[in-house]
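This is what each chain is made of:
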Amino acid sequence: VVSPITRANHQSALRALITHLAAYGLTADSPIRNLRPEHLITWPAWLINTRRLGKQSIQNHMNSLSRYLEHLRLRDHLPFTITEITRIQDSIRLTRIAHRPDQRLPRPISDGAIEALLVIARPQATADGRQRLTALRNIAIVLTLRSTGARVMEIAGLHISDLRDDRTAIITGKRHKERTLYFDTASWTAIAAYLAVRNTEPADPVFARHDDRSGQRSLPMTPHAITAVIADLARRAGINVTAHQFRHAFATKLYQATGDLG
């Protein structure tokens with residue numbers, strides 16, 4: 001299923017291709033057998049020189065061209081030999097490499113931003129039991145993300161039985177690899193304060209839901225829910241912060257301290 005936006009992008013690209021082909025005397029009604037490899041191989045240069053497209057737009061147009069060729073192939077309408085198809089595909093590949101968009105380095109979260117999140121997360125004096133639980137949990141989440149560099153999905157999967165007396169936890173991370181999380185004093189203390197006001201079992205999640213639908217059960221938070229907690233705290237603090245930025249902050253500090261990210 002193709003989204004309306006993707007469909008519109010493909011249509012725009014094909015209109016640009018038709019305009020380019022007009023220079024060769026071809027129109028939308030021309031027989032497909034009149035299409036030659038050179039007509040397609042010269043299209044990227046035409047897009048760059050005539051349309052002044054940026055790198056991402058070039059990538060999108062090459063994707064549309066690949067999809068169009070696949071469309072013709074599936075209907076046995078492709079008027080090219082295997083050698084010609086290889087030439088066109090090589091041209092598309094080289095164009096993509098030459099116009100690969102610049103990768104923006106994500107900005108790590110600052111200490112000031114983390115402090116702002118913690119201020120917002122603190123329970124109000126008038127908070128009831130559930131609101132206080134939620135506040136203590138959110139503080140523990142922020143501090144855990146800061147101190148461990150864990151992925152959101154990893155802390156969502158933490159169980160109380162995973163926590164060790166030496167302030168560590170063994171988790172199964174990406175690609176099913178086991179690794180150790182190391183908690184600092186602040187995050188370990190925050191988790192202990194949060195768990196102290198819950199009725200828990202070893203198999204229960206460390207970070208649980210405290211909404212109306214959870215009732216008295218210890219239901220685990222989803223990665224999306226943890227991400228939403230950070231987003232909500234950031235919105236209320238008036239700052240632009242995402243949960244993933246904690247990992248970049250952790251990696252930056254690790255590299256500054258050791259010169260090694262391994």
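Conventions and cut-offs
Residues numbered from 1 in each chain as written. Predicted model: local features only at pLDDT ≥ 70, side-chain atom pairs only at ≥ 80, totals over all residues. Heavy atoms only, no water. Helix = DSSP H or I, 4+ residues; strand = E, 2+ residues; numbered from the N terminus. Buried < 20%, exposed > 50% of the residue type's maximum accessible area, 1.4 Å probe, protein only. Contact = heavy atoms within 4.5 Å. Areas by Shrake-Rupley, 256 points an atom, 1.4 Å probe, with all protein chains shown as cover. Salt bridge = Lys/Arg side-chain N within 4 Å of Asp/Glu carboxyl O. pLDDT = per-residue confidence, 0-100.

**Describing the overall build of the protein chain**
Okay, step 1: Within the protein chain, the secondary structure is distributed over 11 helices and two strands.
Okay, step 2: In sequence order, the protein chain lays out its α and β elements as α-α-α-α-α-α-α-α-β-β-α-α-α.
Okay, step 3: Among the 262 residues that make up the protein chain, the fraction classed as buried is 34%.
Okay, step 4: Taking all contacts inside the protein chain whose residues are at least 6 apart in sequence as the whole, residues at least 24 apart take part in 61%.
Okay, step 5: Entry remark: accessible area of the protein chain is about 16,100 Å², with carbon and sulfur atoms responsible for 52%.

**As for the pattern of salt bridges**
As a working rule, side chains carrying opposite charge can pair if their charged atoms are close by.
Okay, step 1: In this structure the tally under the stated criterion is 11 salt bridges.
Okay, step 2: Salt-bridge contacts for arginine 73 lead to glutamate 70; the nearest nitrogen and oxygen are separated by 2.6 Å. Here arginine 73 pairs with glutamate 70, and both are found in helix α4 (residues 55-74), just three residues apart, close to one helical turn.
Okay, step 3: Residue arginine 73 is classed as partly exposed on the basis of its relative accessible area of 45%.
Okay, step 4: The network of salt bridges with common partners includes Arg151, Glu154 and Arg179.

**So, the confidence of the model for the protein chain**
Okay, step 1: In the predicted model, the protein chain carries a mean pLDDT of 88, and the fraction of residues at 70 or more is 90%.
Okay, step 2: Across the protein chain, helix α9 (residues 185-196) holds the top mean pLDDT of 96, while helix α11 (residues 245-258) sits lowest at 65.

**Concerning the side chain of histidine 39**
Okay, step 1: The topology assignment puts histidine 39 in helix α2 (residues 37-41).
Okay, step 2: Accessibility expressed as a relative area gives 9% for histidine 39, which makes it buried.
Okay, step 3: Leaving out residues up to four positions away in the same chain, histidine 39 has contacts with His20, Leu21, Tyr24, Leu26 and Asn34.

**A look at unusual backbone geometry**
Okay, step 1: Residue arginine 52 is not a glycine yet carries a positive backbone phi of 55°.
Okay, step 2: Along the chain, the position of arginine 52 falls in the loop between α3 (43-51) and α4.
Okay, step 3: You can call arginine 52 exposed: its relative accessible area is 66%.
Okay, step 4: Positive phi outside glycine occurs at arginine 167, with the angle close to 65°.
Okay, step 5: Looking at the element boundaries, arginine 167 is found in the loop between α8 (152-156) and β1 (168-172).
Okay, step 6: The exposure class of arginine 167 is partly exposed, given its relative accessible area of 34%.

**So, the environment of valine 152**
Okay, step 1: For valine 152, the location among the structural elements is in helix α8.
Okay, step 2: Judged by its relative accessible area of 14%, valine 152 is buried.
Okay, step 3: For the pair formed by valine 152 and arginine 247, sequence separation is 95 residues and the distance between their alpha carbons is 9.3 Å.

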